[in-house]
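Residue-level structural notes
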Amino acid sequence: MEEIANLFHGFSVVLQPFNLLVMLVGIMLGVIIGVLPGLGGANGVAILLPLTFSMSPTSAIIMLSCIYWGALFGGAITSVLFNIPGEPWSVATTFDGHPMAQQGRAGEALTAAFTSSFVGALFAVIMITLVAPLVAKFALQFGPAEKFGVYFLAFCSFVGMSKEPPFKTVAAMMIGFALAAVGLDSVTGQLRLTFGQTELLNGFDFLIAVIGLFGIGEILLTIEEGLSFKGGAAGINPAVVFKTWAELPRYWMTSLRSCVIGCWMGISPAGATPASFMSYGIAKRVSKHGDRFGRGEIEGVVAPETAAHAAGTAALLPMLSLGVPGSPTAAVLLGGLLIWGLQPGPLLFVEQKEFVWGLIASMYLGNVVGLLVVLTCVPLFAAILRIPFAIIAPVILMFCAIGAYTVHNSTFDVVMMLVFGVVGYVLKKCNYPLAPLVLAIVLGDKAEEAFRQSLLSSQGSLGIFVSNGLVSSIMALGLIALFWPLIQNAFTRLRTRPAI
Amino acid sequence: MSENFEGTRGAGPGQRPVEMGVAVAIALFALVVIAGSLQVGVGWGAEGPKAGFFPFYVGLVILGSSIINFGAVWSERRNDQLFAEWGQLGKVMSMLIPTAIYVALVPWIGIYVASMLLIAVFMRWLGRYGWGMIAAIAVGVPVVTFIIFEKWFLVPLPKGPIEELLGF
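Calculation rules
- Residues numbered from 1 in each chain as written.
- Chains lettered and ligands numbered in written order.
- Predicted model: local features only at pLDDT ≥ 70, side-chain atom pairs only at ≥ 80, totals over all residues.
- Helix = DSSP H or I, 4+ residues; strand = E, 2+ residues; numbered from the N terminus.
- Rg over C-alpha atoms; globule rule 2.2 N^0.38 Å.
- Contact = placed C-beta atoms within 7 Å.
- Buried ≥ 20, exposed ≤ 12 C-beta atoms within 10 Å, placed from the backbone.
- Expected span 1.5 Å × (residues − 1).
- Nonpolar A, V, L, I, M, F, W, Y, C, P; charged D, E, K, R; others polar.
- Axes fitted to C-alpha atoms, helices over the stretch in contact; angles between N-to-C directions.
- Parallel < 35°, antiparallel > 145°, perpendicular 65-115°, else oblique.
- Left-handed = near helix turned anticlockwise from the far one by under 90°.
- Domains from an automatic or database assignment.
- Core = buried A, V, L, I, M, F, W, Y, C linked by C-beta atoms within 7 Å.
- pLDDT = per-residue confidence, 0-100.

A few words now on the overall build of chain A. Secondary structure summary: chain A contains 22 helices and 2 strands in total. Taken against the 2.2 N^0.38 rule, which gives 23 Å for 500 residues, the C-alpha radius of gyration of chain A at 22 Å falls within 12% of a compact globule. Across its three principal axes, chain A shows a C-alpha extent of roughly 70 × 65 × 50 Å. Considering only contacts in chain A between residues 6 or more positions apart, those separated by 24 or more positions represent 79%.

Turning next to the overall build of chain B. Scanning chain B from terminus to terminus reveals 5 helices and 2 strands. Relative to a compact globule of 168 residues, whose C-alpha radius of gyration would be 15 Å, chain B shows 24 Å and is clearly more extended. Principal-axis analysis of the C-alpha atoms places the extent of chain B at approximately 60 × 55 × 25 Å. Taking all 168 residues of chain B together, 31% fall into the buried category. In chain B, the share of contacts with a sequence separation of at least 24, taken over all contacts with a separation of at least 6, comes to 63%.

This brings us to helix α8 (residues 166–181) of chain A. Residues and elements named next belong to chain A. Between the first and last C-alpha of α8 there are 23 Å, a value that for 16 residues agrees with the 22 Å anticipated at 1.5 Å per step. Burial within α8 is extensive, with 15 of its 16 residues counted as buried. Count one or two residues on from α8 and you reach G183, which has phi positive near 105°.

Residues and elements named next belong to chain A. The end-to-end C-alpha distance of helix α5 (residues 91–102) is 17 Å, a good match for the 16 Å that 12 residues give at a rise of 1.5 Å each. Of all 12 residues making up α5, 10 are buried, and the element is well covered by its neighbours. For α5, the full list of buried residues reads A92, T93, T94, F95, D96, G97, H98, P99, M100 and A101. Contacts from the buried residues of α5 go to α4 (57–82), α6 (106–139), α12 (272–286) and α13 (299–314). Where α5 terminates, the next one or two residues include G104, which has phi positive at roughly 80°.

Taken together, the contact between chain A and chain B spans 48 residues of the former and 55 residues of the latter. Every element with two or more residues in the side of chain A that touches chain B is listed here: α8, α9 (206–224), α18 (389–408), α19 (411–429) and α20 (435–457) of chain A. Here the side of chain A that touches chain B gets 11 residues from one element, more than from any other, and that element is α18(A). For the side of chain A that touches chain B, the per-class residue count stands at 35 nonpolar, 6 polar and 7 charged.

We now examine the packing of α5(A) against α13(A). Residue and element names in this part refer to chain A. Where α5 contacts α13, the two axes come as close as 8 Å, and the packing angle between them is 165°. Taken as axis vectors, α5 and α13 run roughly antiparallel relative to one another. For the pair α5 and α13, the sense of crossing is left-handed. Note on element contacts: α13 touches α5 through G300, V301, P304 and E305, opposite A92, T93, F95, D96 and G97.

One non-glycine residue, A:L193, lies in positive phi territory at about 55°. Phi angles above zero are rare outside glycine, and A:N431 is one such case at about 70°.

Bringing the domain arrangement of chain B into the picture now. Looking at the assigned domains, one finds that chain B contains domain 1 (15–75) and domain 2 (86–165). If you average the C-alpha positions of domain 1 of chain B and of domain 2 of chain B, the two centres end up 38 Å apart.

Attention now moves to the packing of α8(A) against α20(A). In a packed pair of helices, the relevant descriptors are the angle between the two axes and the axis-to-axis distance. Residues and elements named next belong to chain A. The contact between α8 and α20 brings their axes to 7 Å, and the two run at 50°. By the angle class used here, α8 and α20 are oblique. Viewed along their axes, α8 and α20 form a crossing whose handedness is right-handed. Residues T169, A172, M173, I175, G176, F177, L179, A180 and A181 of α8 form the contact with α20, whose participating residues are P436, L437, V438, L439, A440, I441, G444, D445 and E448. Looking at side-chain class alone, the contact of α8 with α20 contains 13 nonpolar, 3 polar and 2 charged residues.

Right, let's get into the nonpolar core. By size, the foremost hydrophobic cluster in this structure holds 223 residues, and its most contacted members are A:V210, A:A401, A:M417 and A:V438. Counting residues per element, this core draws most heavily on α4(A), at 17 residues. Counting contributing residues per domain, this core is built from domain 1 (15–75) and domain 2 (86–165) of chain B, each supplying no fewer than three.

Moving on, we get to the environment of A:L470. Along the chain, the position of A:L470 falls in helix α21 (residues 469–482). Sequence-wise, A:L470 and A:A145 are 325 residues apart; in three dimensions their C-alpha atoms are separated by 9.8 Å.

With that out of the way, let us pick up the confidence of the model for chain B. Residue and element names in this part refer to chain B. Chain-level statistics for chain B give a pLDDT mean of 86 and a share of 93% at 70 or above. Long-range and interchain partners of residues 1–8, a stretch whose pLDDT sits below 50, account for 7 contacts in this model, where long-range means more than four residues apart. Both scores are available for the predicted complex, with the pTM at 0.83 and the ipTM at 0.89.

A separate point is the environment of A:V131. Residue and element names in this part refer to chain A. Along the chain, V131 falls in helix α6. Judged by local crowding, V131 falls into the partly exposed class, with 15 C-beta atoms found within 10 Å. Considering only alpha carbons, one finds V131 and F177, 46 residues apart in sequence, at a separation of 30 Å.

And the structure:
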């Protein structure tokens, strides 16, 4: 029960007044980021990352992870009230959440959404508390080949699970790897792919890519769709909250199922968005009131919100224990670790106990605080959305530019941000997924290093990746994930054949 | 899409040509990556795989998948979906062009003054606000940002001649 002691130590770290303040600020900023179009978890965290350089790593990660929880909560507000998903993972919440608001049950829908989010996150955090140390302990035995295997598995699951065409996912991912390779080669110290441009010496920073692709790209998409915010008033009062809470236990089965789906999709880097859709779809099929879904069924709010939040939280498990982030936001947090001078991966659990358990404790507390904040401040956040786009858009642009500049104090990065923004807009319109691209920029150097170290020890033979039981099973899992859609097809064909 | 754009409604570049263009652009990017890798060597050197080894194969995979993507778009001839309507693209441009000018101005006049101009232009052009309101927000937001970044967090942002005149 060493973990429990560690967790309590973590709580003592989190409960320091400064860390509590940082947590509250993080949650508030996060909800605002989640509510605003064009600002999401990933680029919100990226923009604010430079502000944490002067903090201790523990306070910094508490603030940034709380921004993430806040953004997860915030997405639901816009979905329910305005029928505009603030975040991609809250699209499924609009299906039943907005009809409820139109029927004057906005308070009920919001309470259900926030509470479900909280339940999903809590489930995932408990899972992280129990599982992450074990995974980390196990991963300590990994050599370069196994490490590469884990990266391979992560990226293969992206290809196999994404709803975009597989070769578009591969192309996007490999573009990320290529961008990561630009600049100084960490193994040989040689310059590569810079073509004599001094600006490219240090390569492409993933933070710039995140701010450009997700921030600027998203604003361009928003203005193209010509969004205007028209929505119902948000009335939440304690009576509605308690009434909804009394009703929610009835959907415990939906909740539990959504938690499991969310955790699974979060650990394998499919992410919160597919998790919310999948959970909604299954709930609709299984529920007794399935035919009423889409017309304001509270269960249709519970299912996607629980899964999205569970997935968003579970995405931190592989980041903490293996150094492989499960979502773009987790990737940005991982980048933060590198900047603060921490080496992500299993050793964190041995060398940085205070950091790891402080973070885990802050997940418990952060979600409680988050729930209270959103339940009490909904009208305030809804008011932010009523700020006209002509004012909010340039302000968001300004913050993106500031975020991009502060990464390296370079105005060239601001230009790159704009380029990434245009690229992100076009790629998104053409169904190229952006998450694998960003993840590849973050992990590119590490994956390459693991790959080359493995080859070095095997004198260039690819046989090293099947040289022992552990690495071959990881690689085999990767291949299964890669070809999952084909395997699934084959199965359904086998099953339907006798019927014909 | 509630707004009407005279004469341009419903017209615009098709999804298919744009997707083909994107596939070609990605293939060109792959060729650049491959060329750059070849420059530094893609073989096996004294210290193991050379610097270009990994990006070389990455480049090959990008090239391969963009050819497949191109083929996939090429074969779906029936697709007459629009990429976006001209009116929508116009809106995107009305956002993009001021932003590009903004980004170009930042190194010269600093981020604060550039942001004031950006906010003012947007509010006037897209929002048609009165000058009083514009002045309040366009000056207020950057000033608050200045206090937060330069004073509280001690993060210096690019400044121009006007800040210098004011003694910062």
